[in-house]
Amino acid sequence: MQIYIAKTLNKVLLLFLLVIVALFAGIFIVSKLYPEYVRWQVLTFVIGSVFLAVFFRYLEENWDKKIIGKMARNGKIALMNINGGKKLMAMRDTSFRNYWIYELEGTLYNARHEALEKKFQEKMNKDTEEIPSGSVYVTYDELKPAQIFIIPNAMIGSLPNLMKTVQDYEKNSRIEVKYLDAHYNKGMVLKTFRETMNDYKERK
């Protein structure tokens, strides 16, 4: 899904650039045909360019987060035991922030606690080198099986409607639950809690 979003954003960016170029070219056309309106065309170009740039940056930063938040609030989540992953491609956004797109794989347990082997793409922090094995919650809707994203732990803990779902997974003796620390930091970060504690001690 992250690769689909990245490709779609590239198309949107190209469209926005074409619109900006058209607005800029319009300044010269208006200056020749309707010189009294050239100030308005310049103003339209400036406002339009700023709006499109800000709107694109908003999409770039929030598209996946909006999907994750909506699906989590609607209870469309599943537990996934990640077994590992591999780098697919490097990516850089318009603020020159670098990411890695990883393909992660593991066993997903749906709402009926059926085990499904799944692979999905996630936008990871640029410093990610290895994917630890462990449990995370992901977005999952059987009607939209491609929309799988890791849900940060903080979001899971902030939504009371997910408490029963989480407890049901934890009570199921057939499912091994060994949580990872999943959080955003210029991309998704996955660490064992031991690694997180070690990092905290080093910073102290």
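Rules used in this analysis
The numbering scheme is per chain: residues are counted from 1 as the chain's sequence reads. For a predicted model such as this one, the threshold for reporting local features is a pLDDT of at least 70, and the threshold for listing and counting side-chain atom pairs is 80 or more; totals across whole chains, interfaces and linings nevertheless cover every residue. As a convention, hydrogens and water are excluded, and side-chain values are obtained from all of the structure's heavy atoms. For the purposes of this entry, the term helix denotes a DSSP run of H or I that reaches at least four residues, the term strand denotes a run of E that reaches at least two, and both are numbered from the N terminus. Expected helix span is computed as 1.5 Å times (number of residues minus one). Should any heavy atoms of two residues lie within 4.5 Å, those residues are considered in contact. For each residue, the accessible area found with a 1.4 Å probe, counting protein chains only, is set against the maximum for its type, and the residue is called buried under 20%, exposed over 50%, and partly exposed in between. For two strands to be treated as a pair, DSSP must find at least two bridges joining them. By definition, a salt bridge exists where a carboxyl oxygen of Asp or Glu is found within 4 Å of a side-chain nitrogen of Lys or Arg. Without a salt bridge and with relative accessible area above 30%, a residue can belong to a patch; like charges are then joined within 9 Å and nonpolar side chains (Val, Leu, Ile, Met, Phe, Trp, Tyr) within 5 Å. Throughout, the Shrake-Rupley method with a 1.4 Å probe supplies accessible areas, and for residues the shown protein chains are the sole cover considered.

Visitor: Let's hear about helix α1 (residues 2-33): which residues, and what values?
Guide: Relative to the 46 Å expected for 32 residues at 1.5 Å per residue, α1 spans 46 Å between its end C-alpha atoms, a close match to the ideal helical length. On its buried face, α1 sits against α2 (38-73), β1 (77-92), β2 (98-109) and β3 (115-125).

Visitor: Pulling in residues and values, what's your account of the environment of F45?
Guide: For F45, the position within the fold is in helix α2. Put simply, F45 and A22 are 23 residues apart on the chain and 8.9 Å apart in space, counted from C-alpha to C-alpha. Setting aside anything within four residues of it in sequence, one finds F45 in contact with I20, L23, F24 and I27.

Visitor: I'd like a description of the side chain of T139, backed by residues and values.
Guide: Turning to its location among the elements, T139 is positioned in strand β4 (residues 134-139). Residue T139 is classed as buried on the basis of its relative accessible area, which comes to 0%. If we skip the residues at most four places from it in the chain, T139 touches I68, M71, K76, I77, Q147, I148, F149 and I151.

Visitor: Break down the pairing of β2 for me, with residues and values.
Guide: The buried count for β2 comes to 9 of 12 residues, which makes it a mostly enclosed element. Note that β1 and β2 share 12 bridges and pair antiparallel. Residue pairing for β2: G84 is matched across the bridge by E105. The hairpin formed by β1 and β2 contains 5 residues between the paired strands, and F96 there has a positive phi angle of roughly 65°. Bridge analysis of β2 against β3 gives 11 bridges, and the strand direction is antiparallel. Note that in β3 the partner of Y99 across the bridge is N125. Linking β2 to β3, which pair antiparallel, is a turn of 5 residues; within it H113 sits at a positive phi near 65°.

Visitor: Just give me the short version of the pattern of salt bridges, but keep the residues and values in it.
Guide: Inspection of every chain in the model, using the stated rule, returns 11 salt bridges. The salt bridge partner of K86 is E103, with a shortest N-O separation of 3.9 Å. Here K86, found in strand β1, pairs with E103, found in strand β2; they are 17 residues apart in sequence, far enough to count as distant. Close ionic contact of K87 with E129 constitutes a salt bridge, the shortest N to O distance being 3.3 Å. Of this pair, K87 sits in strand β1 while E129 is found in the loop between β3 and β4, placing the two residues 42 residues apart along the sequence. One continuous salt-bridge network, built from bridges that share partners, spans R57, E60, E61, D93 and R97.

Visitor: Give me the lowdown on unusual backbone geometry, citing residues and values where you can.
Guide: One non-glycine residue with positive phi stands out, namely F96, at about 65°. Along the polypeptide, F96 turns up in the loop between β1 and β2. Judged by relative accessible area, which is 63%, F96 ranks as exposed. Phi is positive for H113, close to 65°, though the residue is something other than glycine. Mapped onto the elements of the fold, H113 is located in the loop between β2 and β3.

Visitor: Give me the environment of M80: which residues, what numbers.
Guide: Summarising the element assignment, M80 is placed in strand β1. By relative accessible area, M80 is classed as buried at 0%. Sequence spacing of M80 and G134 is 54 residues, and the spatial spacing of their C-alpha atoms is 8.2 Å. Discounting chain neighbours no more than four positions away, the residues touching M80 are E105, G106, T107, L108, K118, F120, G134, S135, V136 and V138.

Visitor: Talk me through a nonpolar patch on the surface; I want residue IDs and the actual numbers.
Guide: Together, I29, L33, Y34, Y37, W40, L43 and I47 make up an exposed nonpolar region whose accessible area comes to about 810 Å². Secondary structure elements with two or more residues in the nonpolar patch: α1 and α2. Tallying contributions element by element places α2 first for the nonpolar patch, with 3 residues. Within the secondary structure, L43 is located in helix α2. Take L43: its relative accessible area is 40%, and that puts it in the partly exposed class.

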